[in-house]
Structures are given as C-alpha cells and as structure tokens.
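Chain by chain, the residues run as shown.
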Amino acid sequence: MPTTPVALVGLGSYLPPQRITNEALCERLDTTDEWITTRTGIRSRHWAGPGVATGDLAVEAGHRALKSAGLEAEPGAVDIVVLATTTPDNPCPATCPDVAARLGLGPIAAYDIAAVCSGFLYALAAASAHITAGQARRALVIGAETYSTILNPADRTTNVIFGDGAGAVVLSAASDDTEDGLVLDIDLGSDGTGRDLITIPGGGSRQRATTSAPDADDRYFTMQGKQVFTQAVNRMTESSQTVLDRLGWTADQVDWLVGHQANVRILNSVARGLGIPAERAVINLDRVGNTSAASIPLALADAAAKGSLTPGARVLLTAFGGGLTWGAAALTWPDIVPV
Ligand code: COA
C-alpha cells in the first residue's frame, strides 16, 4: 500500500511570562545557583501563574504554529490535533478536545498522549501515522506542560529542574516533490519495569487499592534522578543510533541534535555517544529548564529563531521520559518562520 510522506510546515511556541531564576529558588530551598548550573545547566525556567493550566499554554502554542504554517485557526485548518502532556487540565476528560475547540478547529479528532518527557515524539509519530494512513491531510501536534502544578514545593531536586511551556508543529501530507521538512523516520520504545523511577503515586486507579487515606504528597511528581540520568543517556543514544542506521546517516551528516532538554550533562553524553560534536547539540534548557513534552518543540523554536536551523539541515530529535519511554526521529528542516 503506498504511504503518504509527511512534512513539518509550521512551528510555534509559548512560555508563560513568569521567569523563575535559580536565585529565586535559593530563597526558599536549600540549594545554590552553583549546584543547579553545574549539575543541570539550568539558570532559569518559566512557571505559569495561578489559575493558568496546560490547556491555556497549548492554545497559545497551537495558534502560533497554525500562523507559522500560514493557516487561520478555523474549521478545516487541520484534520486532527494530538496533545502530549503529563499535566492535563483534569484527570478526565482529555485536554486536547478543549484545546481544539478553543482554537476553533471544528469537530475534529483530538486526543491526549501520555508519554511524559517523550510525549512529543509519541505525538509526532501518532499524527504522522494518521497522515501516512490517509486519515488526515494536516495535523496539529502540541507538547504542553505545567509541571509547576505537580512539583512538591519542598523537593529541591525537582523544583530546580522543571519548567512550564508549550510548543507545537503543524504536519502536512507532502507531495512527491517535497524536499525539505520531511519526517524521515521515527523510533519509539518503552520499558514499564522502570515505572517507579518517574511517577506521581496518587490520583490514578492504583491508589484505590489502598485502604489508607489519600496522602497529599502522593499527588506530587517524584523522580529517582541518578537512575533516570543513566537510563536517559543510554536509551536516547540507542534510539538515535537506530534512526541513523536505518537512514544510513553518519554522525557527520547530522547538522543538529535536538534532544529532550533534561540536563546539559545528559545531552553532552548523548552527543558524545553518537559521535556528534557538542556544538551541534541544541541547548535552550539554560532558559527554560526541563519542560517535558514541550521540550523538543521549544528547543526547535529557539534554534529556528536564532537562525541555527536552516532549510535542508538534517535534524535528529531524541527524548526519554517516565514510563519508561523514549524515542528518536529524523527530519530535514523546512523553510518556515516559527512564531
Ligand atoms: N541543590 C543542592 N543539592 C542537591 C539538590 C539541589 N537542588 N538536589 C539534590 N541535591 C543533593 C543530593 O541530596 C545529594 O546530596 P548527598 O550527596 O548529600 O546525598 C547530592 O546533591 C548529589 O545528588 P545526586 O542525585 O547524586 O546528584 P546528580 O549529580 O545525580 O544530579 C540530577 C541530580 C537530578 C540533576 C540528575 O540526576 C539528573 O539530572 N537526572 C535526570 C533528571 C531528569 O532529567 N529527569 C527528567 C526525565 S528525562
């Protein structure tokens, strides 16, 4: 069966205005700017203000991506919306139908994907598959998070790492003569035996099995940092290598490595493992921290705005997150103006 090629044709991003510096965190947590910058590379992050939810950030980024693609936010603009998030507005229903409605996109398919920090790549794969299968001509893929709403205010390790934000891309069925912007390959993986390394213990159906009263702390995000670090390096390197091998690309041929912005030391290790010079790894975590499912589109938007991503550039994406989940994707950069 012939399959339809998929191209990236629009990119948008949004950060909530409130910027939280390391110094601000030092005022209420037992930490230092020196510890945070040397261990993570993060200098500041953005947190949504009270009452601002993930869907609000997703709508902003979605609008911008549509604009970047030259599309009005109106029925018919896209045929499907997929939202990757770990911080939905509510446990039920999914956030994406509300986002699609607020964008005025009409009664189209819209659903959430929960793959934590790998969420954007999972959503990219799902939306690409809808296009490839002929179920959609155009798709809006959003990664949006408000981790500030699930961080334990007393946990210095997670507070210094995570930030809020949203990024989105528009995918379109490509024609045979499309050269730039093509999504060339995607690799995904998971290992549920590592589920406890990154988890929110409460709030789901598992908690019902306990007889004890719900503990407020169970609603907070928890992470085993050291084990996550090692897994993140190994899985992102392996998944990236799988994509490179399948495409026949050498490390030299990768113009930009756009990895999940977890920790600069993780990104440097992945680049080293692949044989890609560190200068070709896109870094924006110093200003946004780890924004989970929003991480890759925010990094793409940052690099595109700086002029680093030029049409035709060979771009390798990779991510790792709770689940455990991971993935990698390759594309050639399109001639677009991010919004
Ligand atoms: N400020 C100061 N000290 C801190 C701290 C903070 N914000 N957070 C932790 N520490 C302390 C620890 O308590 C520990 O103290 P101890 O030696 O007295 O026990 C010490 O720093 C070292 O902690 P450790 O966990 O070994 O540090 P690390 O070098 O592994 O760095 C992370 C910690 C969390 C930055 C690192 O493990 C990491 O980035 N992991 C991946 C996280 C991630 O990206 N998760 C998202 C999913 S992809």
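Residues numbered from 1 in each chain as written. Predicted model: local features only at pLDDT ≥ 70, side-chain atom pairs only at ≥ 80, totals over all residues. Heavy atoms only, no water.

Novice: Explain the site of the ligand to me, please; I cannot follow it from the model alone.
Specialist: Neighbouring the ligand are 24 residues; T31, R39, R156, K226 and N263 lie closest to it. The contact in question runs from a nitrogen atom of the ligand to an N or O atom on the side chain of T31, over 2.6 Å. Measuring from a nitrogen atom of the ligand, one finds a side-chain N or O atom of T157 at 3.0 Å. About the coverage of the ligand: the protein hides 75% of its 950 Å² of free accessible area. Among the secondary structure elements, those contributing two or more residues to the shell around the ligand are α2 (33–40), α6 (156–161), α7 (225–247) and α8 (264–274). The residue makeup of the shell around the ligand, split by class, is 12 nonpolar, seven polar and five charged. (Near = heavy atom within 4 Å. Polar contact = N/O pair within 3.5 Å; in protein donor to acceptor, adjacent residues only side chain to side chain. Areas by Shrake-Rupley, 256 points an atom, 1.4 Å probe, with all protein chains shown as cover. Helix = DSSP H or I, 4+ residues; strand = E, 2+ residues; numbered from the N terminus. Nonpolar A, V, L, I, M, F, W, Y, C, P; charged D, E, K, R; others polar.)

Novice: I would appreciate a short explanation of the packing of aromatic side chains in the present structure.
Specialist: How two aromatic rings sit relative to each other is set out by the distance from centre to centre and by the angle between their planes. Under the criterion given, the structure shown has three aromatic pairs. Each ring, one from Y147 and one from F162, has its centre 4.7 Å from the other, and the planes form 15°; the classification is stacked. Residue Y147 is located in the loop between β6 (138–146) and α6, and its partner F162 is located in the loop between α6 and β7 (164–173); the two are separated by 15 residues in the primary sequence. As far as the burial class goes, Y147 and F162 line up, both buried. Centroid distance F162 to F221: 4.9 Å. Interplanar angle 70°. Geometry classified as edge-to-face. Highlighted residues: F162 in the loop between α6 and β7 and F221 in the loop between β9 (198–199) and β10 (222–223), separated in sequence by 59 residues. (Phe/Tyr/Trp six-rings, centres within 6.5 Å; stacked < 30°, edge-to-face > 60°. Buried < 20%, exposed > 50% of the residue type's maximum accessible area, 1.4 Å probe, protein only.)

Novice: For this particular structure, what's the right way to read the sheet that holds strand β11 (residues 256–259)?
Specialist: In a beta sheet, neighbouring strands are held together by backbone hydrogen bonds and run either parallel or antiparallel to one another. The sheet built from four strands is open, its strands ordered β8-β13-β12-β11 with mixed pairing. Looking along the sheet, the strands with just one partner apiece sit at the ends: β8 (183–190) and β11. Taken over all neighbouring pairs, the strand axes of this sheet differ in orientation by 10° on average, direction set aside. When β11 meets strand β12 (residues 314–321), the two strands line up parallel, connected through four bridges. Within β12, the residue paired with V258 across the bridge is L317. (Pairing = 2+ DSSP bridges. Axes fitted to C-alpha atoms, helices over the stretch in contact; angles between N-to-C directions.)

Novice: Could you clarify how one ought to interpret the packing of α7 against α8 in this entry?
Specialist: When two helices pack together, you describe them by how their axes are tilted relative to each other and by the distance separating the axes. Their axes nearest at 9 Å, the elements α7 and α8 cross at an angle of 40°. Compared by their axis directions, α7 and α8 come out oblique. Viewed along their axes, α7 and α8 form a crossing whose handedness is right-handed. Touching F229, A232, V233, M236, T237, S240, Q241 and L244 of α7 are R265, I266, S269, V270, G273 and L274, all from α8. A per-class count over the contact of α7 with α8 returns eight nonpolar, five polar and one charged. (Parallel < 35°, antiparallel > 145°, perpendicular 65-115°, else oblique. Left-handed = near helix turned anticlockwise from the far one by under 90°. Contact = heavy atoms within 4.5 Å.)

Novice: I would appreciate a short explanation of helix α10 (residues 295–305) in the present structure.
Specialist: Along an α-helix, residues three or four apart share an orientation, since each turn contains 3.6 residues. Burial runs high along α10: 10 of the 11 residues are buried. When α10 is considered as a whole, its buried residues turn out to be S295, I296, P297, L298, A299, L300, A301, D302, A303 and A304. Where α10 is buried, its residues touch β1 (6–14), α5 (119–132), β7, β11, α9 (285–288) and β12. Once α10 ends, the next one or two residues include G307, with phi positive near 85°.

Novice: Help me understand the nonpolar core in this model?
Specialist: Side chains of a nonpolar character, in soluble globular proteins, are inclined to be buried together. Core analysis: the biggest nonpolar cluster contains 43 residues, and L257 and L316 have the highest contact counts within it. Secondary-structure elements contributing two or more residues to this core are α6, α7, α8, β12 and β13 (325–332). For this core, the leading source of residues is α7, giving six residues. Counting residues domain by domain, this core receives three or more from each of domain 1 (6–173) and domain 2 (183–332). Judged by nonpolar contacts, the second largest core, of 42 residues, contains I113, Y122, A136 and L317. (Core = buried A, V, L, I, M, F, W, Y, C linked by side-chain atoms within 4.5 Å. Domains from an automatic or database assignment.)

Note that all results are geometric; they support no functional claim without further evidence.
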